[in-house]
Amino acid sequence: MPKTILLAPPENVMVRCDNLVKIYKSRDIEVMALQGLDLTVERGELMGIVGASGSGKSTLLNMLGGLDKPSAGSLFVDGKDMLKFTDKDLIEYKRHTVGFVWQNNARNLIPYLTALENVEMPMMLSGYEGRRKRAEHLLDMVGLSARKNSMLGQMSGGEQQRVAIAIALANNPKLLLADEPTGAVDTKTAGNVLDVFRRLNKETGVTVIIVTHDVNLAKSIDRVVAIRDGKTSSELIRKKPVLTGISFEQLSEQQQAEIRAMQEESEGHDELVLLDKAGRLQIPKEYLSALGINGGDKVRVELDGDKISIYKQ
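Residues numbered from 1 in each chain as written. Predicted model: local features only at pLDDT ≥ 70, side-chain atom pairs only at ≥ 80, totals over all residues. Heavy atoms only, no water.

Asks: What should I look at first to understand the sheet that holds strand 5 (residues 80-81) in this one?
Replies: Strand pairing in a sheet relies on backbone hydrogen bonds, with the paired strands running either antiparallel or parallel. Strands sit in the order 2-1-4-5 across an open sheet of 4 strands; the sheet is antiparallel. Strands at the two margins of the open sheet, each flanked by one partner only, are strand 2 (29-42) and strand 5. Across 11 bridges, strand 1 (residues 13-26) lies against strand 2 in antiparallel orientation. Bridging from a neighbouring strand, Arg16 pairs with Thr40 of strand 2. Helix 1 (residues 57-64) contacts strand 1, strand 2 and strand 4 (72-77) of the sheet and is inclined by roughly 115° relative to strand 1. (Pairing = 2+ DSSP bridges. Helix = DSSP H or I, 4+ residues; strand = E, 2+ residues; numbered from the N terminus. Contact = heavy atoms within 4.5 Å. Axes fitted to C-alpha atoms, helices over the stretch in contact; angles between N-to-C directions.)

Asks: Please clarify how the side chain of Glu159 should be interpreted in this entry.
Replies: Relative to the helices and strands, Glu159 is located in helix 5 (residues 157-168). Glu159 gets classed as buried once you look at its relative accessible area, which sits at 16%. If we ignore the near neighbours within four places in the chain, the residues touching Glu159 are Leu144 and Arg147. (Buried < 20%, exposed > 50% of the residue type's maximum accessible area, 1.4 Å probe, protein only.)

Asks: Even after reading the chapter, I still don't get helix 6 (residues 187-204), so can you show me in this structure?
Replies: An α-helical turn contains 3.6 residues, so a residue and the one three or four places further along point in the same direction. When the terminal C-alpha atoms of helix 6 are compared, their 26 Å separation across 18 residues agrees well with the 26 Å that a helix rising 1.5 Å per residue should span. Buried residues of helix 6: Thr189, Ala190, Val193, Leu194, Val196, Phe197, Arg198, Leu200 and Asn201, and no others. Looking one or two residues past helix 6, Gly205 carries a phi angle of roughly 80°, positive in sign. (Expected span 1.5 Å × (residues − 1).)

If you want it as structure tokens, here you go:
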């Protein structure tokens, strides 16, 4: 059988996933997080990926960020085949191609530095010249010029998240990834954070992918893709003009119905985990993060009627 030759996507495509598969293995357990996902993201797009917990959206983001490798399929970013990356290629990719904004600010920010010093840090590590001027420019872009010398403890959650966005843009990436960037803030602040993403996308042309469980993003972003069970199931909005304050009523009846269905699925979703023959569970990462539990930590387990409760020691 002749060998299949994978061709790089066209120049206007930033991300292309073809039949992407990710399987996590742990002794006797195999969990398929992605089951043949297909996705194309054009350069300069601002898009959202929605789905219930466990649907595979964060797994996809981790692979796009170079934090994890696919088990099968193909993944191209910026015309490069990520399955062929060497360790050196991966370091170069993380430094110059992709920026990452986490939901947990502790993964983005250094608490004993000012906002300005935080933004300068990745440029310092990359040997970037003129980093002070660029850091000030980025903080101005996210609306924090007046807070550049503030310590993080003096800033609100929304302000800290905007500092995190500036940090992710420090080395001028072509692709900006955000994992639940509005998950830890209130609705009003979430709207302000999304406004920053929209403005940056429009002004700089950076491709932005936002992963969230909040399907209300469909009201604010021009393209939203839904993932169910590790596969792309539908596009809620495709190439819709971005209008600040767009109302739900402006969407088509089909789009409204799909958004309602996704909202009901997200709100009524039961998180299922696999119990192997030895009695071991694979608990979702977001659950462990919420409790501040890391792999290898000791936890307390109690039987409470017909429930089993897990507590951090």
